[in-house]
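Geometric and topological summary
Chain by chain, the residues:
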Amino acid sequence: MSVVGFDIGNENCVISAVKQRGVDVLLNDESKRETPAVVCFGEKQRFLGSAGAASAMMHPKTMVSQVKRLIGRKFKDPDVQNELRLLPFETSEGQDGGILIQLKYLGETHRFTPLQIMAMLFAHLKYIAEANLGVSVLDCVIGIPSYFTDLQRRAYLDAAAIAGLKPLRLMHDCTATALGYGIYKTDLSNAGPTYVAFVDIGHCDTQVSIVSFEAGHMRILSHAFDCSLGGRNFDEILFSHFAAHFKEQYNIDVYSNVRACIRLRAACEKLKKVLSANAEAPLNIECLMDEKDVKGFIRREEFEKLASQLLERINIPCIKALADAGLTVEKIHAVELVGSGSRIPAITRQLASLFRREPGRTINASECVARGCALQCAMLSPVFRVRDYEVQDCIPFSIGFSSNESPISQGSDGVLFPRGQPIPSVKVLQLQRSSLFHLEAFYVNPNELPSGVSSKICCFTIGPFQSSHIERARVKVKVQLNLHGIVTVESAILIEEHVDDSITREDTHSEMSTKEAQHVTNSSEDSTTVRSKPSHASADGRPNDKATRRLEIPICENIYGAMTKAELIEAQDKELKLAQHDRTMEQTKERKNALESYVYEMRNKLFNSYRSFASDEEKEGISKSLQETEEWLYEDGEDETEGAYTSKLEDLKKLVDPVESRYKDEEARAQASSDLLKCIVDYRMSTKALPNEDRELIINECNKAEEWLREKTQQQDSLPKNIDPLLWSSAIKSRTEDLNMKYKHITHKASHPDSENKGWDQEV
């Protein structure tokens, strides 16, 4: 069994696995450490990862990328619409308001949700991991942005489940980076916590976290983000600049051509990397559009001037993270800069100016998240023993609960889980209810969320149930903010208490005045109490004289915008069918390639190495069959089944195998003859120490074998090579084994003269 960590980036993915000697990044089929986050639908099969990126130019309108930006979002969200304008595939709105990706595949129009595309990507990464490790991969930890909402987190879990994975945790990107950084730190100060700022500038977003490190412990103090500022924004600056330049100089509009846009964006991304190490860089693209070659040139200073507004935005999440953590710049001991978009020199200067220290690059910018996720997976898995190290993360959004439109909270702001609440966390609500009721979870402050995200999370229906003592019925609801950062209702228990009338007032007063009752809201129907733990005693600490009945209440969960169980099962079945079809197509291509290779190989050998071993009639028949097969391959056999290619290959082999056997047996016959002659010489030389009788027996047997080989070889040499041999190599090997057995028998008798004497016929 193995444990792995997945970093699903907007552009690339990284897989890391824990092994006995540490944490390794796994290589894909092209021996690369990063796999493109691309799913491309060809005419007959899907192409995933590197194959998808390679097929993008052939199938630009069915190439799906940057799906991370779409998962768990609504189609009409303005930010989503801005994303979709940059993507080549067609989309529409689903019945639930989500996004549907429309693709032509196998001659039909298919509609996939971003969640289903993500599941395809997870399945491909699982395949890569299993191919590397040689074992089944199930347990994993997946890196996610800190700004992911409850719905997006659930979508990741559903996508992983469709792919056959079992996520032990969804881990924030900066938390994973901090774990990989802190668990190996041996120079932490004993005077107090060490505060480190992690700035992760990815392809599409910027995340900042302030982390407190102590020996054996790390705590996330704050998360901040700009979910629309990343490396691709700098690419887009260059793209817009050169698109306008080519419009003016070459009179071509790249926006009107999908392939031209893809090629120019790829060139601009490379240009940005060149500018990170050089003061200036050229841009040359052959036949970009309308059969025109284009050229461009830009200096780093000009690029930084064009991107000045983007550079200023880098400071905003950094300042917010410091404020939320309650720290000043002076208290930050170090700044670590990671992410695929972090290599621009101007960004380093910007952060150095803000934090008054040079950002460090002591961890791998592209692999740190996957490595941290793999470490966390090992810590959560019972398979590996990892040093004790506590990881305390927090949620970046404030979450509240309401019942029948009345807020349930611990303060006047209506928050149950405040921003910065450690995860996992549990809160216990004690409510007075007499029948079925609803609990609604929501984000309290929309300003904390990415723009366009709904504040509604989910609704929990508690019930049905009926209390027999309405005035004394309490419902204890355990609400959890779990390890994934997802809100769930863990349990609901009905508590009925039967008490004496003489102490009813005293108990009621004690319950309402206890310090554990942090907030009470009254409505016309009920009263609500939020407790950190239940009370079992009266005000003076003595047990109440009560008879208590506890009954577990059913809970029904309704996640707004999430997949139902039936939809999840349907998606799993669809993915299995698509994967099976891909495997069938791959096997068919392999058989077709094998047949094509065999035709060319045998045609070459027939008139070279096999020339002497085939009769004229055989040559003519084989040549004719090879020619017919080649013509069939490029005409009627262009698109055939695996069985058809296999059948054609077997028919050809039936014709060629006799010729091939003669050719191969000639070399094998020479080797077998050499081995037999060597045995004869060795046995003759070894007879000097044997008695005369035994020596004569061995020499006699050697002479017989030598004479047999000479006669058979002479007969074989007199025959043409293009007929089946009279003397096969297998016959010579059998004669060699026979001589070996006789030699062992004679020498055994010589060394054990008292053993039972057995004749040759009986022995052999």
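Calculation rules
Residues numbered from 1 in each chain as written. Predicted model: local features only at pLDDT ≥ 70, side-chain atom pairs only at ≥ 80, totals over all residues. Heavy atoms only, no water. Helix = DSSP H or I, 4+ residues; strand = E, 2+ residues; numbered from the N terminus. Buried < 20%, exposed > 50% of the residue type's maximum accessible area, 1.4 Å probe, protein only. Contact = heavy atoms within 4.5 Å. Areas by Shrake-Rupley, 256 points an atom, 1.4 Å probe, with all protein chains shown as cover. UniProt positions renumbered as here; feature names shortened; annotations may be inferred. Axes fitted to C-alpha atoms, helices over the stretch in contact; angles between N-to-C directions. Parallel < 35°, antiparallel > 145°, perpendicular 65-115°, else oblique. Left-handed = near helix turned anticlockwise from the far one by under 90°. Nonpolar A, V, L, I, M, F, W, Y, C, P; charged D, E, K, R; others polar. 1 Å grid on protein atoms, 1.4 Å probe; cavity = no way out; pocket = protein on both sides within 12 Å on 5 of 7 lines; lining within 4 Å. Points joined across faces, edges and corners; volume = space filled by probe spheres on them. Patch = residues over 30% accessible without salt bridge, like charges linked within 9 Å, V, L, I, M, F, W, Y side chains within 5 Å. Salt bridge = Lys/Arg side-chain N within 4 Å of Asp/Glu carboxyl O. Lys, Arg positive; Asp, Glu negative; His and termini not counted. Charge placed at Lys NZ, Arg CZ, Asp CG, Glu CD. Pairing = 2+ DSSP bridges. Phe/Tyr/Trp six-rings, centres within 6.5 Å; stacked < 30°, edge-to-face > 60°. Lys NZ or Arg CZ within 6 Å of the ring centre and 35° of its normal. Polar contact = N/O pair within 3.5 Å; in protein donor to acceptor, adjacent residues only side chain to side chain. Core = buried A, V, L, I, M, F, W, Y, C linked by side-chain atoms within 4.5 Å. Domains from an automatic or database assignment. Arc of directions from axis to C-beta.

Focus: the overall build of the protein chain
Broken down by element type, the protein chain carries 19 helices and 31 strands. Counting only residues that meet the buried cut, the protein chain has 50% of its 764 residues in that class. Of the contacts made within the protein chain by residues no fewer than 6 positions apart, 68% connect residues no fewer than 24 positions apart. Summing over all exposed atoms, the protein chain offers an accessible surface of approximately 37,500 Å²; the carbon and sulfur share of this is 49%.

Quick look at the UniProt feature "coiled-coil region" (unreviewed entry) in the protein chain
UniProt marks residues 571–598 with the feature "coiled-coil region" (unreviewed entry), using the numbering shown here. Structurally, residues 571–598 is divided into 100% helix and 0% strand, and its ends, taken at the C-alpha atoms, are 40 Å apart.

Remarks on the packing of helix 15 (residues 616–633) against helix 16 (residues 642–685)
Helix-helix packing: each pair is described by the crossing angle between the helix axes and the interaxial distance. At a minimum axis separation of 11 Å, helix 15 and helix 16 run at an interaxial angle of 155 degrees. With respect to helix 16, the element helix 15 is oriented roughly antiparallel. Here the hand of the crossing between helix 15 and helix 16 comes out left-handed. For the pair formed by helix 15 and helix 16, the contact residues are E618, G621, I622, S625, L626, T629, W632 and L633 on the first element and A644, Y645, K648, L652, L655, V656, V659 and R662 on the second. In the contact of helix 15 with helix 16, the residues fall into 10 nonpolar, three polar and three charged.

Some points on empty space enclosed by the protein
Which parts of space are left empty comes out when a probe the size of a water molecule is rolled across the atoms. Tallying each qualifying case throughout the model produces three cavities of 30 Å³ or more. The wall of the largest cavity is formed by K68, R69, R73, Y147, F148, Q152, P450 and V453. Within the lining of the largest cavity, the residues separate by chemical class into four nonpolar, one polar and three charged.

Some remarks on the environment of W632
You can see W632 is positioned in helix 15. For W632, a relative accessible area of 16% translates into the label buried. Counting along the chain gives 16 residues from W632 to K648, while the straight-line C-alpha distance between them is 9.9 Å. Beyond its immediate stretch of four places on either side in the chain, W632 contacts L595, G637, E638, E640, A644, Y645 and K648.

Let's talk about a positive patch on the surface
Judged by side-chain charge, K270, K273, R343 and R361 come together as a positively charged surface patch. Here R361 lies in the loop between helix 11 (345–355) and helix 12 (368–380).

Comments concerning the sheet that holds strand 5 (residues 38–41)
Within the open sheet, the three strands sit side by side as 6-5-7. Their pairing is antiparallel. Each edge of the open sheet carries a strand with a single partner, namely strand 6 (46–48) and strand 7 (63–65). Along the sheet, successive strands turn relative to each other by an average axial angle of 15 degrees, direction set aside. With three bridges joining them, strand 5 and strand 6 adopt antiparallel strand pairing. Its bridge partner lying in strand 6, C40 is registered against F47.

Brief notes about the packing of aromatic side chains
Two numbers describe a pair of aromatic rings. These are the distance of the centres and the angle of the planes. For the structure on display, the rule yields 22 aromatic pairs. Cluster of aromatic residues (ring-pair linked, three or more members): F6, F122, Y147, F148, Y156, F225, F397 and Y443. The residue whose ring lies beneath R265 is F239, and the NZ or CZ to ring-centre distance is 4.1 Å. The ring of F437 has R433 sitting right over it, with the charged end atom 5.1 Å from the ring centre.

Observations regarding unusual backbone geometry
Across the junction of I423 and P424, the peptide omega takes the value 0 degrees, indicating a cis bond. Examined against the element boundaries, P424 turns out to sit in the loop between strand 22 (422–423) and strand 23 (425–431). Cis geometry is adopted by the peptide bond preceding P464, which originates at G463 and carries an omega value of 5 degrees.

Description of the side chain of S366
As for its placement among the helices and strands, S366 is situated in the loop between helix 11 and helix 12. Given a relative accessible area of 14%, S366 falls into the buried group. There is a polar contact of 3.1 Å between the side chain of S366 and the side chain of R343. When near neighbours in sequence (up to four residues on either side) are disregarded, S366 contacts D7, V14, E34 and R343.

Notes on a nonpolar patch on the surface
Nonpolar side chains collect at one region of the surface, where L719, I723 and L726 lie side by side and expose about 230 Å² of accessible area between them. Inspection of the secondary structure puts L719 in the loop between helix 17 (692–717) and helix 18 (729–751). Among the residues examined, L719 registers a relative accessible area of 31% and is labelled partly exposed.

A short note on the nonpolar core
The biggest cluster of nonpolar side chains holds 88 residues, and the ones touching the most others in it are I8, Y156, F401, L439 and V477. Among the elements that make up this core, the one with the highest residue count is helix 3 (residues 114–133) (10 residues). Counting contributing residues, this core receives three or more from each of domain 1 (4–230 + 310–380) and domain 2 (398–498 + 547–559). When sequence neighbours within four positions are dropped, the list of residues in contact with V477 reads K427, V428, L429, L431, F437, L439, V489, S491 and A492. Counting residues in each nonpolar core, the second largest holds 52 residues, with A197, F242, L264 and I314 among its members.

Considerations on the side chain of S673
Position of S673 relative to the elements: it lies in helix 16. Residues contacting S673, with those up to four places away along its chain left out, are L709 and I732.

Looking at the pattern of salt bridges
If you walk through the whole model with that rule in mind, you get 41 salt bridges. Where R371 meets E367, a salt bridge forms, and the shortest distance between an N and an O atom there is 3.5 Å. One salt-bridge network, held together by shared partners, links K320, D324, R419 and E448.

Considering helix 2 (residues 78–85)
For helix 2, the set of buried residues is V80, E83 and L84. The buried residues of helix 2 occupy an angular sector of 95 degrees when the element is viewed end-on, so they sit on one face. For helix 2, exposure combined with an orientation more than 90 degrees from the buried face picks out P78 and R85. Elements in contact with the buried residues of helix 2: strand 8 (90–93), strand 9 (99–105) and helix 6 (231–249). Between the side-chain oxygen of the N-cap and the backbone nitrogen of D79 there are 3.0 Å, and the N-cap of helix 2 in question is D77.

Observations regarding the sheet that holds strand 19 (residues 390–394)
On the basis of which strands lie adjacent, the open sheet formed by six strands has the order 18-13-14-15-19-22 and mixed pairing. At either end of the open sheet lies a strand with only one pairing partner, and these are strand 18 (334–338) and strand 22. Running at roughly 40 degrees to strand 14 (residues 206–214), helix 5 (residues 173–182) makes contact with strand 13 (194–201), strand 14, strand 15 (217–226), strand 18 and strand 19 of the sheet. Packing of helix 10 (residues 315–325) onto the sheet brings it into contact with strand 13, strand 14 and strand 15, and relative to strand 15 it is tilted by some 140 degrees.

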